[in-house]
Amino acid sequence: MPIPISRLFLKEDDNIHGMPRQKDVIEMSKGWPYINVSLEELPRVNYPEFNSKELKEDITHLKDCYYSPICDNDFLEKCHKKPFSIFRDYVEANNLDYDMDKLDKINEDLASLVLNLKYMYNRPRPKKFFKVHDIHFPYDDVKDSNTPSYPSGHAAHAFFNAEMISKQNPQHEMRLKILAEMVSQSRIDLGVHFPSDVQFGRFIGEYCSSKCLDKKSKIQEVKVMSKNDSRQARDVFRHAMKRHASSNHGTTYLDELCEFIIRSNQIERYTVDHRETELACESFLNGLPVEYCSNDNYIKSHLRALEAAAHCGEIDTPSKVQFVHNGLGIEVLERGEPGIFRDYDHYARSTGYQYTLPKNIPSTVNDWCSTHNDDKFERHILYECIHPFSDGNGRSGRIILCCDMGFDFAAVNDMIGSDYIPKIVAYQ
């Protein structure tokens, strides 16, 4: 996999790590044939913004661990220099049946993937960050690191190895995960990684191991739709329209699509014109590109996200969830960016229910994607309880519900009637 040229010519900036060395470029270009994961498939999870509450918590946690390390010095030194040997020693000490030489080779692939992610995000290490921003910390005593900080490679490899070994030796799963947590903690204790680096590294390791262990898994990358992709997505609606026509609803498919867009916007207290919605939906079903269907951003937003969901087929990876949300567009979001997970704590206004913590969103969404649920509406409520984005959770959730229901808008409209919000509140 060749590295994109844009990553090789990065602007000099104190808030990024910098350009990759020649050896890094070679490593990044190797690819990862043993790991069935593409960069596009992985969800985009930004690290905490400068001066944000989350970054301040990151810094405080790092300082606490650096001054009062959890791991002892011998373990810290061994983790820093030979992290894989920690797991090899465990396997040998417990006489486990596992091919560690083969796992070591797969770890080489994981290293290439992680390095690509590191330079994609290009976060500076704590040492550089503290020095540049004149933050009180003995950064001169911290070990130098040649690669960017986010995500933590040690954490990714540790949880990857723990998952791979425990799959074949399930009785050791808990102890292997504790070992992975200790390896990850060592990076914070040493002051070479922020806690958020470790958290994302853990997700990468666990996600990649799940793909390696699932022999049926295929790369699920989602790319920007071409004209041909858009036509194929519209075919999904045409097939749904035929199914609707053969039923006894007493309404047209156009009626139900219009009703869905109007009702979904009303739930968020946005009003769209009925006649303009009808004309836009008719144009959409006739194949007109979304941007030409209406001048109303709230109508276009739903049509664009519906098309994105149809393009995905099945919403079964976090990147597909982000792809659908990205379809909403920035114009209709009051906070955050389209397709980017929320990075702050959030609560339901009506119930005080705490949505999923930011650090847990990638793994929780991944679990939600992979969990089979026959009750599509319950699956929708679970999505709303995660609330993965800063805004647009209800709209993206209802559009994903449409996808789960085969774009049967009549059935979805029955689900999001007057008792829709009370059902979610009751669940919370």
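Parameters at a glance
Throughout this description, residue numbers start from 1 for each chain and increase along the sequence as written. A pLDDT threshold of at least 70 governs which residues receive local features in this predicted model, and a stricter bar of 80 or more applies before side-chain atom pairs are shown or counted, although totals over entire chains, interfaces and linings include all residues. As a rule here, side-chain values come from all non-hydrogen atoms in the structure, and water together with hydrogens is ignored. Secondary structure is summarised from DSSP: a helix means a run of H or I of at least four residues, a strand means a run of E of at least two, and numbering begins at the N terminus for each. What the globule rule says is 2.2 Å times the number of residues to the power 0.38, and the radius of gyration is computed from C-alpha atoms. Only heavy atoms enter the contact rule, under which two residues are in contact if any of them lie within 4.5 Å. What sets the accessible areas is the Shrake-Rupley method with a 1.4 Å probe; for residues, cover comes only from the shown protein chains. Charge assignment: positive for Lys and Arg, negative for Asp and Glu; neither His nor the chain ends contribute. Here the site of a charge means atom NZ of a Lys, CZ of an Arg, CG of an Asp or CD of a Glu. In this analysis, the expected span of each helix is defined as 1.5 Å times one less than the number of residues it contains. Here's how the labels work: a residue is buried when its accessible area is under 20% of the maximum for its type, exposed when over 50%, partly exposed in between, all with a 1.4 Å probe on protein chains only. The arc under discussion is defined with respect to the helix axis, by the directions toward the C-beta atoms. One speaks of a salt bridge when a side-chain nitrogen belonging to Lys or Arg is within 4 Å of a carboxyl oxygen belonging to Asp or Glu. Every angle, taken between N-to-C directions, lies between 0 and 180 degrees, and every axis is a line fitted to C-alpha atoms, over only the stretch in contact when it is a helix. By definition in this entry, angles of less than 35 degrees are roughly parallel, angles greater than 145 are roughly antiparallel, angles of 65 to 115 are roughly perpendicular, and the rest are oblique. Handedness of a crossing follows from how the near helix is turned relative to the far one, being left-handed for an anticlockwise turn of less than a right angle and right-handed for a clockwise one. Put simply, Ala, Val, Leu, Ile, Met, Phe, Trp, Tyr, Cys and Pro go in the nonpolar bin, Asp, Glu, Lys and Arg in the charged bin, and everything else, Gly too, in the polar bin. The pairing test for Phe, Tyr and Trp rings, Trp by its six-membered ring, is centres within 6.5 Å, and the orientation test on the planes gives stacked under 30 degrees, edge-to-face over 60, and tilted for anything in between. Counting as a charge over the ring demands two things of the Lys NZ or Arg CZ atom: a distance within 6 Å of the ring centre and an angle within 35 degrees of the ring normal. In the analysis that follows, any N or O atom pair within 3.5 Å is treated as a polar contact, provided that within protein one partner can donate a hydrogen and the other can accept it, and provided that, for residues neighboring in sequence, both atoms belong to side chains. Exposure above 30% relative accessible area and the absence of a salt bridge qualify a residue for a patch, where like charges join within 9 Å and nonpolar side chains (Val, Leu, Ile, Met, Phe, Trp, Tyr) within 5 Å.

Caption draft 1: Layout of the overall build of the protein chain. If you tally the helices and strands in the protein chain, you get 19 helices and zero strands. Over its C-alpha trace the protein chain gives a radius of gyration of 24 Å, about what one expects of a compact globule, namely 22 Å for 428 residues. Taking all contacts inside the protein chain whose residues are at least 6 apart in sequence as the whole, residues at least 24 apart take part in 74%. Entry remark: accessible area of the protein chain is about 20,500 Å², with carbon and sulfur atoms responsible for 49%. Where the 53 positive side-chain charges of the protein chain centre and where its 65 negative ones centre are 3 Å apart.

Caption draft 2: Expanded view of helix α12 (residues 274–285). When the terminal C-alpha atoms of α12 are compared, their 16 Å separation across 12 residues agrees well with the 16 Å that a helix rising 1.5 Å per residue should span. All of the buried residues in α12 are T277, A280, C281, F284 and L285. For α12, the angular spread of buried residues about the axis comes to 130 degrees, placing them on one side. Phi turns positive, to about 100 degrees, at G287, one or two residues after α12.

Caption draft 3: Structural view of the pattern of salt bridges. Across all of its chains, the model carries 29 salt bridges by this definition. Residues D345 and K53 are paired through a salt bridge, measuring 3.8 Å at the closest nitrogen-oxygen approach. Of this pair, D345 sits in the loop between α14 (318–328) and α15 (361–370) while K53 is found in helix α2 (residues 53–67), placing the two residues 292 residues apart along the sequence. Residue classification places D345 among the partly exposed positions, given a relative accessible area of 32%. With relative accessibility at 46%, the residue K53 sits in the partly exposed group. The salt bridge partner of E259 is R263, with a shortest N-O separation of 2.6 Å. Of this pair, E259 and R263 both sit in helix α11 (residues 253–267), four residues apart, which is roughly one turn of that helix. Taking relative accessible area as the criterion, E259 reaches 30% and is therefore assigned partly exposed. Put simply, E291, K300, R304 and E331 are held in one network by salt bridges that share partners.

Caption draft 4: Examining the packing of helix α4 (residues 83–93) against helix α8 (residues 173–189) more closely. Between α4 and α8, the shortest axis-to-axis distance is 11 Å and the interhelical angle comes to 155 degrees. As judged from the angle between their axes, α4 and α8 are roughly antiparallel. Crossing angle aside, the handedness with which α4 passes α8 is right-handed. Each of I86, F87 and Y90 in α4 lies in contact with α8, whose residues at this interface are R175, L176, L179, A180 and V183. In the contact of α4 with α8, the residues fall into seven nonpolar, no polar and one charged.

Caption draft 5: How the structure looks around the environment of F200. With respect to the secondary-structure elements, F200 resides in helix α9 (residues 195–213). Distance from F200 to F50, taken between C-alpha atoms, is 18 Å for residues 150 residues apart in sequence.

Caption draft 6: Here's a closer look at the packing of aromatic side chains. Going through the model one piece at a time under the given rule, you end up with 24 aromatic pairs. Centroid distance F50 to F129: 6.0 Å. Interplanar angle 70 degrees. Geometry classified as edge-to-face. Within this pair, whereas F50 is found in the loop between α1 (22–29) and α2, its partner F129 is found in helix α6 (residues 126–132), the two being separated by 79 residues in sequence. Connected via pairs of aromatic rings, a cluster forms that spans F50, Y66, Y67, F129, F130, F137 and F194. It is R335 that lies over the ring of Y344; its NZ or CZ is 3.6 Å from the centre.

Caption draft 7: Focus on the environment of T252. Along the chain, T252 falls in the loop between α10 (227–245) and α11. Considered as a pair, T252 and A158 are 94 residues apart in the sequence and their alpha carbons are 55 Å apart. In this structure the side chain of T252 is engaged in a polar contact, spanning 3.0 Å, whose partner is the side chain of D255.

Caption draft 8: Local environment of the packing of α11 against helix α17 (residues 393–404). Contact geometry for α11 and α17: axes closest at 10 Å, N-to-C directions at 150 degrees. Put simply, α11 runs roughly antiparallel to α17. The two elements α11 and α17 meet at a crossing, and its hand is right-handed. Here F260, S264 and I267 of α11 come into contact with α17, specifically with R395, R398, I399 and C402. Grouping the constituent residues of the contact of α11 with α17 by class yields four nonpolar, one polar and two charged.

Caption draft 9: Expanded view of a nonpolar patch on the surface. A grouping of M174, I178 and M182 is seen on the molecular surface, where their side chains present a nonpolar patch of about 290 Å² in accessible area. Here M174 is to be found in helix α8. On the basis of relative accessible area, M174 is assigned to the exposed category, the value being 61%.

Caption draft 10: Representation of the environment of R175 within the structure. By secondary structure assignment, the location of R175 is in helix α8. Classification of R175 by relative accessible area gives partly exposed; the value is 46%. Placed 216 residues apart in sequence, R175 and D391 show a C-alpha to C-alpha distance of 39 Å. Apart from the residues within four sequence positions on either side, R175 is in contact with Y90 and N94.

Caption draft 11: Structural detail: unusual backbone geometry. Cis geometry marks the peptide bond from Y150 to P151, where omega comes out at 0 degrees. Within the secondary structure layout, P151 lies in the loop between α6 and α7 (153–168). Although it is not a glycine, N95 sits at a positive phi angle of roughly 55 degrees. Along the chain, N95 falls in the loop between α4 and α5 (100–121).

Shape descriptors only; they carry no functional weight alone.
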